[in-house]
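Letter by letter, the chains look like this.
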Amino acid sequence: MLIRSRRLLGLPVVSLADGQQVGRVRLPVVDPRNLTVVALALDAGGFFREQRVIPFAAVRSIGEDAVTVEHAEAVRRLSEAPELAPLVRQPLSLLGSKVISEDGRFWGHTEEYFLDQRGNIDHFLVHPGTWRSLARGKGILPAHAVRSAGPASLIVRAEAAEAIRWEGGAGKNIQEAWRRFLGSGKDRPGPPPEAQD
């Protein structure tokens with residue numbers, strides 16, 4: 001089952017050992033090199049408290065209503081996880097990023113991304129803009145089509161950009177209805193029956 005990135009925000013984190021809530025998810029921490037969520041940053045809980053994180057390997061499960069960890073000790077202060085510090089201090093949101101192909105074409109903005117229970121990003125939902133979305137809907141961009149990810153843009157391989165699957169647009173629905181109408185003839189309305197005398 002894939003997890004919506006926005007669904008993670010604000011979820012409580014609960015220890016299975018004692019049922020204690022150890023925090024709430026502030027944001028997923030993404031490694032841009034392999035498009036993997038490597039940790040969950042928690043709400044700080046005060047002005048002077050140090051940022052707390054849960055390495056994704058310590059996450060037991062992500063459910064509809066909570067994230068579970070085995071023990072409260074899974075939560076670490078950022079100073080105890082120096083390998084995560086650069087990614088937490090300059091987080092890669094991936095939401096609202098421009099999607100640009102290698103050949104310089106703009107495909108839209110990322111609206112959402114979906115990850116598996118191991119933290120691997122599977123695909124992105126791309127919003128092409130108001131008028132384009134009316135015509136073709138929103139795009140599903142597989143993560144393997146992304147060449148690189150930065151703070152403002154996802155760069156997509158030129159050949160893979162054509163593989164974005166667009167769904168939900170009115171233009172597509174109209175085209176499909178027109179194809180059915182013209183179909184093989186059996187669905188096409190015939191001439192009106194002649195009036196009986």
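It should be emphasised that the depicted structure is a prediction, and the values quoted were computed from it without experimental measurement.

What follows is about the overall build of the protein chain. From N to C terminus, the protein chain includes five helices and 15 strands. In the protein chain, buried positions account for 40% of the 197 residues. When contacts within the protein chain are restricted to residue pairs at least 6 apart in sequence, long-range pairs at least 24 apart make up 50% of them.

This part is about the pairing of strand β13 (residues 146-149). Two strands pair when backbone bridges link them, and β13 and strand β14 (residues 153-156) are joined in this way by three bridges, in the antiparallel orientation. By the bridge assignment, S148 is partnered in β14 with I155. Taking the residues that link successive antiparallel strands as the turn, the β13-β14 hairpin has three residues.

Taking strand neighbours across the sheet as the criterion, the seven strands line up as β6-β7-β2-β3-β4-β5-β8 in an open arrangement whose pairing is mixed. Because the sheet does not close on itself, it has two edges, and the strands there are β6 (59-62) and β8 (76-77). Here strand β5 (residues 52-55) pairs with β8 via two bridges, running antiparallel. Bridging from a neighbouring strand, R52 pairs with R77 of β8.

Moving on to the pattern of salt bridges. For the structure shown, the criterion picks out 12 salt bridges. The salt bridge involving R60 is made with E70; its shortest N-O contact spans 2.3 Å. Placement of the pair is R60 in strand β6 and E70 in the loop between β7 (67-69) and β8, with a sequence separation of 10 residues. Of the residues examined, R60 reaches a relative accessible area of 52% and is grouped as exposed. The exposure class of E70 is partly exposed, given its relative accessible area of 36%. We note a salt bridge from K138 to E111, for which the minimum N-O separation is 2.8 Å.

What counts, and at which threshold
- Residues numbered from 1 in each chain as written.
- Predicted model: local features only at pLDDT ≥ 70, side-chain atom pairs only at ≥ 80, totals over all residues.
- Heavy atoms only, no water.
- Helix = DSSP H or I, 4+ residues; strand = E, 2+ residues; numbered from the N terminus.
- Buried < 20%, exposed > 50% of the residue type's maximum accessible area, 1.4 Å probe, protein only.
- Contact = heavy atoms within 4.5 Å.
- Pairing = 2+ DSSP bridges.
- Salt bridge = Lys/Arg side-chain N within 4 Å of Asp/Glu carboxyl O.

Shape descriptors only; they carry no functional weight alone.
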